[in-house]
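Report on the structure
The residues making up each chain are set out below.
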Amino acid sequence: MTIEQLIDNVIAIEGNYSNHPADRGGPTRWGITEAVARSNGYAGEMRHFPHHQAVAIYKRNYWQHPGFDKINEHAPRLAEELFDTGINMGSPVAIGFLQRALNALNRNGQDFSDIKVDRKIGPATVGALKQILTKRGKSGETVLLKAVEALQGERYIKLAEQRPANEAFLYGWLANRIS
């Protein structure tokens, strides 16, 4: 999928305007919270937040800035998942899931050295990804994807356990965010 298709899919899931009382994000349109819209220069009422600004924010803040475009060059399905996870949980969380999974799958350093879990995509993370894909082929991407989703699912359940109001969202998170 192209980044434009990924953004269209996210917006289709997130919907138009929302201000759910249990959602700490507050007023949201196209999946963009008021805080994110404000930090990107939008000053108007969230009910009127323009679609094209949401698209620009998704592309810049959740694809290019965290470096998921770099992951996409080697593992497109993984990049798609990281993009979606980054939107829902924050890009640093998604990157941390990837780095933890890479470290856990390196066979105690036999395939490549552990990388620092710094929640940033840099040369070490991309290098480890390339090495696991070289060693494991396409199944390497599939297994990494499963590991990231397992970490994501565990976090959703923990969020619901720690804050019962999040139970209102748990079913949807698991249905729409975990393959």
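Anything mentioned here points back to the structure above.
Notes on the structure follow. Predicted model, so just to flag it, every value in this text is computed and none were measured.

1. Some points on the pattern of salt bridges
According to the stated counting rule, one finds seven salt bridges in the structure shown. The closest approach of N and O atoms between Glu14 and Arg177, which form a salt bridge, is 2.2 Å. Here Arg177 lies in helix α9 (residues 167-177) and Glu14 lies in helix α1 (residues 3-14), a separation of 163 residues in the sequence. Assessed through its relative accessible area of 27%, Glu14 is described here as partly exposed. Residue Arg177 is classed as buried on the basis of its relative accessible area of 4%.

2. Points about the layout of surface pockets
Volume-wise, the largest pocket comes out at about 930 Å³. Lining the largest pocket are 31 residues, with Glu14, Asp23, Thr33, Asn88 and Trp173 sitting closest to its centre. Of all elements in the fold, only α1, β3 (32-33), α3 (51-64), α5 (76-89), α8 (138-162) and α9 reach the threshold of two or more residues within the lining of the largest pocket. Ranked by residue count, the leading element in the lining of the largest pocket is α9, at six residues. Split by residue class, the lining of the largest pocket holds 13 nonpolar, 12 polar and six charged. Here the second largest pocket defines a volume of roughly 270 Å³. Together, 16 residues line the second largest pocket, and Glu80, Glu81, Asp84, Asn176 and Ser179 are the ones closest to its centre. Counting only elements with at least two residues in the lining of the second largest pocket, the list comes to α1, α5, α8 and α9. Looking at the lining of the second largest pocket, the element that brings in the most residues is α5, giving five residues. Partitioning the lining of the second largest pocket into residue classes produces seven nonpolar, three polar and six charged.

3. Let's talk about the nonpolar core
Core analysis: the largest hydrophobic core is formed by 51 residues, its most contacted members being Phe49, Tyr58, Ile71, Leu78 and Phe83. The element that contributes the greatest number of residues to this core is helix α6 (residues 91-104), accounting for seven residues. Every residue in contact with Tyr58, bar those within four places of it in the chain, is listed here: Ile7, Val10, Ile11, Glu14, Trp30, Gly31, Ile32, Trp63, Phe83 and Ile87.

Rules used throughout
Residues numbered from 1 in each chain as written. Predicted model: local features only at pLDDT ≥ 70, side-chain atom pairs only at ≥ 80, totals over all residues. Heavy atoms only, no water. Salt bridge = Lys/Arg side-chain N within 4 Å of Asp/Glu carboxyl O. Helix = DSSP H or I, 4+ residues; strand = E, 2+ residues; numbered from the N terminus. Buried < 20%, exposed > 50% of the residue type's maximum accessible area, 1.4 Å probe, protein only. 1 Å grid on protein atoms, 1.4 Å probe; cavity = no way out; pocket = protein on both sides within 12 Å on 5 of 7 lines; lining within 4 Å. Points joined across faces, edges and corners; volume = space filled by probe spheres on them. Nonpolar A, V, L, I, M, F, W, Y, C, P; charged D, E, K, R; others polar. Core = buried A, V, L, I, M, F, W, Y, C linked by side-chain atoms within 4.5 Å. Contact = heavy atoms within 4.5 Å.

Geometric values such as these leave the question of function open.
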